[in-house]
Each structure stands twice: as structure tokens, then as C-alpha cells.
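One-letter residues, chain by chain:
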Amino acid sequence: MTRAPYLSARLQGFGTTVFAEMSALAVTTGAINLGQGFPDYPGPPEVLDVARAAIGTAHDQYPPGPGIPELRAAIAEHVQRFGGHGYAPADEVLVTAGATEALSASLLALLEPGDEVVLFEPMYDCYAAGIAMAGGVARPVPLRPPASGAGQWTFDVAELRAAVTPRARLLLLNSPHNPTGKVFTRAELGTLAALAMEHELLVLTDEVYEHLVFTGAQHTSIATFPGMRERTLVVSSAGKTFNVTGWKVGWICGPAELVAAVRTAKQFLTYVNAGPFQPAVAAGLRLPDEYFDAIAGDLEYRRDVLVQGLTEAGLPVISPQATYFATVDVRPVQPDGDGVAFCRALPERAGVVAIPTVVFYDPAHAHLGRHLVRFAFCKGDAVLGEAVERLGRMRS
């Protein structure tokens with residue numbers, strides 16, 4: 001690999017992301033972008049109207065470092081309502097610049113150089129970069145795709161235990177999981193909780209898709225398991241729940257001592273963010289249960305539309321239990337199984353952009369995801385319908 005000039009050794013290998021490459025392809029070819037996970041339809045007016053009203057007021061100025069009290073209280077209420085576990089708004093809730101900052105600040109605060117982080121792959125791409133920036137070492141454990149699209153991704157407990165060395169400091173969990181759409185079961189979470197307690201690991205759990213879970217699956221936070229609250233930091237955000245990914249309002253909840261450590265790092269990153277959006281997110285978190293049921297049901301419908309289209313195009317789908325994304329095996333239409341080549345050719349071939357799943361793997365395990373590609377289905381009816389029609393060209 002050619003060394004990038006001026007880039008520190010910690011970040012060698014973290015160049016321009018594939019998202020930028022594929023988004024540029026979408027623009028130059030006029031393809032429909034089913035690569036990056038953002039909706040193309042607005043969020044609820046009850047949330048948007050509060051943000052509009054806040055602009056031009058004192059909310060345009062710096063909010064308090066931990067977030068406005070109204071939002072921190074709304075986050076604590078929301079976690080209690082949907083998760084059944086409580087956090088004190090004053091010192092156990094911290095507002096961040098999206099979930100990404102919550103994760104990065106946690107890793108910077110909690111890791112010493114050489115500390116190891118156990119996590120599952122394929123993994124959201126900011127995890128490996130955040131671990132590297134904190135001086136840590138990623139110890140990925142592969143999730144294995146099902147033999148058929150009807151099953152779900154699983155992990156080997158022996159491989160998991162082998163990844164936990166004496167240098168292990170933290171378990172990084174993502175459930176519901178991006179990019180696979182897997183929702184970890186209570187039995188799997190119990191295994192992870194027991195392992196964390198046995199090896200005295202801290203746990204950082206990314207739960208940004210907590211409300212986008214489909215029929216037959218149920219999200220449970222690992223923080224609710226016995227003995228886990230005191231060692232777990234829970235991350236979530238407003239972007240996926242309210243279709244406002246550009247607002248970058250996230251949060252982290254956990255025991256006061258851990259949150260205080262994260263706040264120490266966070267205050268030297270963005271310091272504060274999103275003043276006018278914070279009261280709007282507070283209003284969103286207090287919407288009735290019917291809203292959260294409806295967004296999951298709507299997205300499940302969009303999943304089914306895309307899954308049917310991909311299947312008819314000759315691409316076997318691993319149907320997701322949650323999130324914005326469906327994974328396909330490209331080998332029936334790409335005999336060499338090269339997902340990157342498939343994605344680079346797809347805009348010309350079918351007028352659609354997707355993301356090769358291989359980019360979500362550690363290089364040592366890249367072969368496991370070489371033949372897999374991720375499509376996003378969080379798009380409006382017209383766009384999704386046109387994308388499915390275009391994917392039909394794969395049959396010709």
C-alpha cells in the first residue's frame with residue numbers, strides 16, 4: 001500500500017471512503033443512489049416546526065456543554081419509556097454531534113495506547129478509524145451470513161472468546177446492526193454480557209436504529225442485563241428516527257463516571273452543536289408511541305419492495321431484521337464475486353448505486369465479504385420504484 005503523504009501512521013489506510021466514490025458515480029451517471037443511508041423524505045412536522053421556531057432565538061447561541069436540560073430530560077424519559085431503564089439527566093446523559101462523535105469521544109476517553117477493542121464485522125466504517133485515532137487496536141469477530149436469505153447472521157462463540165486477550169479493554173456492539181440489519185437476540189446479548197463481566201470489559205453499544213426494527217425481531221439494550229448498566233455506555237441519535245441525518249444530534253447515556261470521562265474528551269471536539277435543533281429533538285422524543293410504530297412499519301414496507309426487486313433481478317437477498325439496508329450476494333450476476341467491481345459497473349449497467357460490503361471488513365477478513373453488496377431502501381416511493389425498475393435490467 002502506498003503511504004499517504006503527511007498522514008499519521010495511525011490513519012494510514014483510511015483514505016477517501018467508498019461512500020464518496022459511489023456518490024460521485026451517482027452524480028456523474030445520473031444513477032439512483034441506494035448506497036449512502038439517508039432518507040429523501042422529510043421528518044415529522046411536529047419536530048421540524050420546533051426547529052424553525054427556534055432559529056432566530058437564543059437557541060442560535062452556544063447551548064450548555066452537556067446539551068440543553070430539556071433535551072437531556074427528554075432523552076432520559078425516552079430511554080425509560082422504551083427501554084425500561086433509567087438515567088439521571090443531569091450527569092448520566094450527554095448530547096453529542098451525532099452518534100459518531102459519541103463513539104469517537106468514548107474511544108478517545110476510555111482507551112490507552114495498545115488497548116484492544118472487540119467488535120463484530122462487517123462494521124460501520126467509523127469504528128475502525130475511531131479506534132485507530134484513540135491509539136487502540138481493533139479485534140474484529142466475523143458475523144457469518146445465513147446459508148439462505150431466510151436466516152440471520154450469526155457469530156462463533158469460540159472466535160469471540162479467542163478475540164478477548166489480556167489487552168482487551170472494551171466491547172463495541174452495534175445492534176440493530178449496520179450494515180447487516182441483524183438484531184442481536186437476548187441469548188446472544190446474554191453471551192456478550194457474561195463475557196464482558198468475566199473479562200471486566202467496558203461496553204460501548206451503538207443503538208441508533210433502535211426504532212427501525214421489523215416484524216419478528218425485538219431490540220433489547222445490553223445495558224438492561226444484570227450487572228451491565230455500570231459498565232455500559234449506550235449511544236443513539238435523532239437522525240435515523242426523525243429523518244434528520246444532517247442535524248447531527250446524538251447522545252450517550254451511562255453511569256456518571258463513564259459519562260464524565262466521555263464529556264472530558266467531547267468538550268475539546270465540537271464543544272457544543274446544533275443549538276436550534278436540540279429543542280426540536282426533545283419534542284420528537286416525546287411523540288406518542290404510534291409515531292415510532294409507524295416509522296418501523298413504513299420502513300418495513302420499503303424493505304419488502306426493494307427485497308422483491310433485488311430477488312427478481314437475480315440477486316439473492318439476506319432480508320434484514322432492522323435498519324435501512326439489505327445485503328445481496330452478487331455471484332449470480334457477477335461470476336468472479338467481486339463486489340467492488342459490481343458496484344463500480346452498476347451505475348452504467350442498471351442506473352443504481354450500491355456499496356460493496358467488503359469495505360466494512362478488516363483487511364484480514366476481507367475475503368468474507370468480497371461477494372456481498374449493501375443497498376439502502378430508505379427512499380421515497382417514486383425513487384424506490386424507479387430503482388427497482390432499473391434493477392430489472394440485470395435480468396436482460
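Looking up the chain in an unreviewed UniProt entry gives the name Succinyldiaminopimelate aminotransferase apoenzyme, with the organism given as Geodermatophilus sabuli. Per its UniProt entry, the chain bears the Sequence similarities (unreviewed entry) comment "Belongs to the class-I pyridoxal-phosphate-dependent aminotransferase family." Its UniProt record gives the chain the following Cofactor (unreviewed entry) comment, quoted word for word: "pyridoxal 5'-phosphate".

**Q** Teacher, can you tell me more about the sheet that holds strand S13 (residues 372-376) here?
**A** Two orientations exist for strands paired in a sheet by backbone hydrogen bonds: parallel and antiparallel. Strands sit in the order S9-S10-S13-S12 across an open sheet of four strands; the sheet is antiparallel. The open sheet has two edge strands, strand S9 (317-318) and strand S12 (355-356), and neither has a second partner. Relative to strand S10 (residues 325-329), S9 is paired through two bridges, and the arrangement is antiparallel. Looking at the pairing, Ile318 lines up with Thr327 of S10.

**Q** I keep staring at the sheet that holds strand S5 (residues 168-174) and nothing clicks. Help me out?
**A** Ordered in space as S2-S8-S7-S6-S5-S3-S4, the seven strands form an open sheet in which the pairing is mixed. In this open sheet, the two edge strands, each paired with only one partner strand, are strand S2 (93-96) and strand S4 (137-142). Strand-to-strand twist across the sheet, computed as the mean angle between neighbouring axes with direction ignored, equals 20°. Two strands pair when backbone bridges link them, and strand S3 (residues 116-121) and S5 are joined in this way by four bridges, in the parallel orientation. Bridging across to S5, Leu119 finds its partner in Leu172. Each of S2 and strand S8 (250-253) is contacted by helix H3 (residues 69-83), which is oriented at about 115° to S2, the strand it contacts most. The sheet strands contacting helix H9 (residues 256-266) are S2, strand S6 (202-206), strand S7 (232-237) and S8, and the helix crosses S2 at an angle near 25°.

**Q** How should I be thinking about the nonpolar core in this particular structure?
**A** One broad trend across soluble globular proteins is that nonpolar side chains are buried collectively. Membership of the largest hydrophobic core comes to 99 residues, with the highest contact counts inside it found for Phe342 and Phe375. Among the domains, domain 1 (9-42 + 290-395) and domain 2 (45-289) are the pair contributing at least three residues each to this core. Ignoring anything within four residues of it in the chain, the contact list for Phe375 reads Leu34, Leu306, Leu310, Tyr324, Phe325, Ala326, Val328, Phe342, Leu346, Val352, Ala354 and Leu391. Core analysis: the next-biggest nonpolar cluster, separate from the first, contains 26 residues, Ala196, Phe225, Ile318 and Leu372 among them.

**Q** Can you help me understand helix H2 (residues 45-54) in this one?
**A** Residues spaced three or four apart along an α-helix face the same direction, because each turn holds 3.6 residues. Of the residues making up H2, those classed as buried are Val47, Leu48, Ala51 and Ala54. All buried residues of H2 project into a common sector of 125° when viewed along the axis, lining one side. The exposed residues of H2 that point more than 90 degrees off its buried face are Pro45, Arg52 and Ala53. Buried residues belonging to H2 abut helix H8 (239-242) and helix H10 (277-285).

**Q** When you look at the environment of Ala326 in this model, what are you seeing that I'm missing?
**A** Relative to the helices and strands, Ala326 is located in strand S10. Judged by its relative accessible area of 0%, Ala326 falls in the buried class. When the C-alpha positions of Ala326 and Leu287 are compared, they lie 28 Å apart, and in sequence the two are 39 residues distant. With residues up to four places along the chain from it excluded, the contact list for Ala326 reads Val317, Pro320, Val373, Arg374, Phe375 and Phe377.

**Q** How should the pairing of S3 be read in this particular structure?
**A** Regular strands place their side chains on alternate faces of the sheet. With six of six residues buried, S3 lies mostly within the body of the structure. Residues Glu116, Val118 and Phe120 of S3 are buried on one face, and the alternating residues Val117, Leu119 and Glu121, pointing to the opposite face, are buried as well. Examined bridge by bridge, S3 and S4 share six bridges and lie parallel to one another. Bridging from a neighbouring strand, Val117 pairs with Ala138 of S4. One crossover worth recording links S3 to the parallel S4 by way of helix H5 (residues 125-133), and it is right-handed.

**Q** Where do I start with the domain arrangement of the chain in this structure?
**A** Many analyses report the size of an interface as the accessible area lost when the parts associate. Domain annotation of the chain identifies domain 1 (9-42 + 290-395) and domain 2 (45-289). Taking only C-alpha atoms, the centre of domain 1 and the centre of domain 2 are 24 Å apart. Facing the 38 residues of domain 1 at the interface are 49 residues of domain 2. Regarding the contact of domain 1 and domain 2, the summed buried area is about 3,600 Å², with carbon and sulfur atoms giving 63% of it. Counting every contact that joins domain 1 to domain 2 gives zero salt bridges. The interface formed by domain 1 and domain 2 holds 18 residue pairs in polar contact (both at pLDDT 80 or more) in total. Within the residue set of the side of domain 1 that touches domain 2, elements represented by two or more residues are helix H11 (289-312), S9, S10 and S13. Here the side of domain 1 that touches domain 2 gets nine residues from one element, more than from any other, and that element is H11.

Criteria and thresholds
For every chain, the first residue of the written sequence is number 1, and numbering continues from 1 along that sequence. In keeping with the predicted nature of the model, local features appear solely for residues at pLDDT of at least 70, side-chain atom pairs appear and are counted solely at 80 or more, and the whole-chain, interface and lining totals rest on all residues. Derived side-chain values reflect all non-hydrogen atoms in the structure, with water molecules and hydrogen atoms excluded from consideration. UniProt positions are given in the numbering used here, feature names are shortened, and annotations may be inferred rather than shown by experiment. Pairing between strands is defined by DSSP: at least two bridges between the two strands are required. We count a stretch as a helix when DSSP gives it H or I for four or more residues in a row; a strand needs E for two or more, and each element gets its number in order from the N terminus. A fitted line through C-alpha atoms serves as each axis, taken over the contacting stretch for helices, and the angle formed by two N-to-C directions is quoted from 0 to 180°. Throughout, a residue-residue contact means that at least one pair of heavy atoms, one from each residue, lies within 4.5 Å. As used in this record, nonpolar core signifies buried Ala, Val, Leu, Ile, Met, Phe, Trp, Tyr and Cys residues forming a set joined through side-chain atoms within 4.5 Å. We call a residue buried when its accessible area falls under 20% of the maximum for its residue type, exposed when it is over 50%, and partly exposed in between, using a 1.4 Å probe and counting protein chains only. What marks off one domain from the next here is an automatic or database domain assignment. Working definition: the arc comes from the directions between the helix axis and the C-beta atoms, pointing outward to the latter. Call a crossover right-handed when, viewed with both strands pointing away from you, the route from the first strand across the helix to the second goes clockwise. Here the quantity called buried area is the accessible surface, traced with a 1.4 Å probe, that two parts lose on coming together, added over both. The term salt bridge refers to a side-chain nitrogen of Lys or Arg lying within 4 Å of a carboxyl oxygen of Asp or Glu. The term polar contact refers here to a pair of N or O atoms within 3.5 Å; inside protein, the definition further demands a hydrogen-donor-capable atom paired with an acceptor-capable atom, and it admits residues adjacent in sequence only when both atoms are side-chain atoms.

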